[in-house]
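Observations on the model geometry
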Amino acid sequence: MSKSIRDEIAKVKINHIVRSESELEFPDFIRCLRNTLGISRKMMASELGISQMKIYYKEEGKFSRMPEIEFLVTISKYFGVPKDLLISKAKDYVDRKPG
């Protein structure tokens, strides 16, 4: 299968996730998007120029403040999802998180 076909399949899968998995909380949503592309945290971090630990902390929900807007915009562009959706999911997660 060619890279362009794999890329198109990934886009379709991500669009499906955005439409049908709206109940996922921010950490699970990010992990689901990454897994849909079949990439590791290490590969994603390398491609985005951010630390692997940053991705780990976001996917595991190990944060108590709103993630940086720059991070959310970068992730939005990387996965091709609306940045408003990521911002909303991150804010909702932080607002509901105890402590």
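I will try to describe carefully the structure that is included in this document. Predicted model, so just to flag it, every value in this text is computed and none were measured.

It is worth spelling out the nonpolar core at this point. Among the nonpolar cores identified, the biggest contains 21 residues, and Phe26, Leu33, Met44, Ile75, Phe79 and Leu86 are the most heavily contacted of them. Counting residues per element, the ones that place at least two in this core are helix 1 (3-20), helix 2 (26-37), helix 3 (41-48), helix 5 (69-79) and helix 6 (83-96). Ignoring anything within four residues of it in the chain, the contact list for Phe26 reads Lys58, Phe63, Pro67, Phe71, Leu72, Leu86, Lys89, Ala90 and Tyr93.

When two helices pack together, you describe them by how their axes are tilted relative to each other and by the distance separating the axes. Here helix 5 crosses helix 6 at 130°, and the two axes come no closer than 9 Å. Our classification of the angle between helix 5 and helix 6 gives oblique. Between helix 5 and helix 6 lies a crossing of right-handed hand. Facing helix 5, whose interface residues are Ile69, Leu72, Val73, Ile75 and Ser76, helix 6 presents Lys83, Leu86, Ile87 and Ala90. The residue makeup of the contact of helix 5 with helix 6, split by class, is seven nonpolar, one polar and one charged.

Assignment of secondary structure puts Ser76 in helix 5. Judged by its relative accessible area of 8%, Ser76 falls in the buried class. From its side chain, Ser76 meets the backbone oxygen of Val81 in a polar contact 2.5 Å long. Contacts of Ser76, omitting those with residues within four sequence positions, involve Val81, Pro82, Lys83 and Leu86.

The full count for this structure, using the stated rule, is eight salt bridges. Across the salt bridge formed by Arg96 and Glu25, the nearest N and O atoms sit 3.2 Å from each other. Here the residue Arg96 occupies a position in helix 6, and Glu25 occupies one in the loop between helix 1 and helix 2, the gap between them amounting to 71 residues. Residue class for Arg96 comes out exposed when judged on its relative accessible area of 52%. Residue Glu60 is joined to Arg41 by a salt bridge in which the shortest nitrogen-to-oxygen separation is 2.9 Å. A residue pair is termed long-range when its members are at least 10 positions apart, and Glu60 in the loop between helix 4 (52-59) and helix 5 and Arg41 in helix 3 qualify at 19 residues. Taking the relative accessible area as the measure of exposure, Glu60 reaches 36% and is therefore partly exposed. A network of salt bridges, in which partner residues are shared, links Asp28, Arg31, Arg34, Arg41, Glu59 and Glu60.

Cut-offs applied
- Residues numbered from 1 in each chain as written.
- Predicted model: local features only at pLDDT ≥ 70, side-chain atom pairs only at ≥ 80, totals over all residues.
- Heavy atoms only, no water.
- Core = buried A, V, L, I, M, F, W, Y, C linked by side-chain atoms within 4.5 Å.
- Buried < 20%, exposed > 50% of the residue type's maximum accessible area, 1.4 Å probe, protein only.
- Helix = DSSP H or I, 4+ residues; strand = E, 2+ residues; numbered from the N terminus.
- Contact = heavy atoms within 4.5 Å.
- Axes fitted to C-alpha atoms, helices over the stretch in contact; angles between N-to-C directions.
- Parallel < 35°, antiparallel > 145°, perpendicular 65-115°, else oblique.
- Left-handed = near helix turned anticlockwise from the far one by under 90°.
- Nonpolar A, V, L, I, M, F, W, Y, C, P; charged D, E, K, R; others polar.
- Polar contact = N/O pair within 3.5 Å; in protein donor to acceptor, adjacent residues only side chain to side chain.
- Salt bridge = Lys/Arg side-chain N within 4 Å of Asp/Glu carboxyl O.

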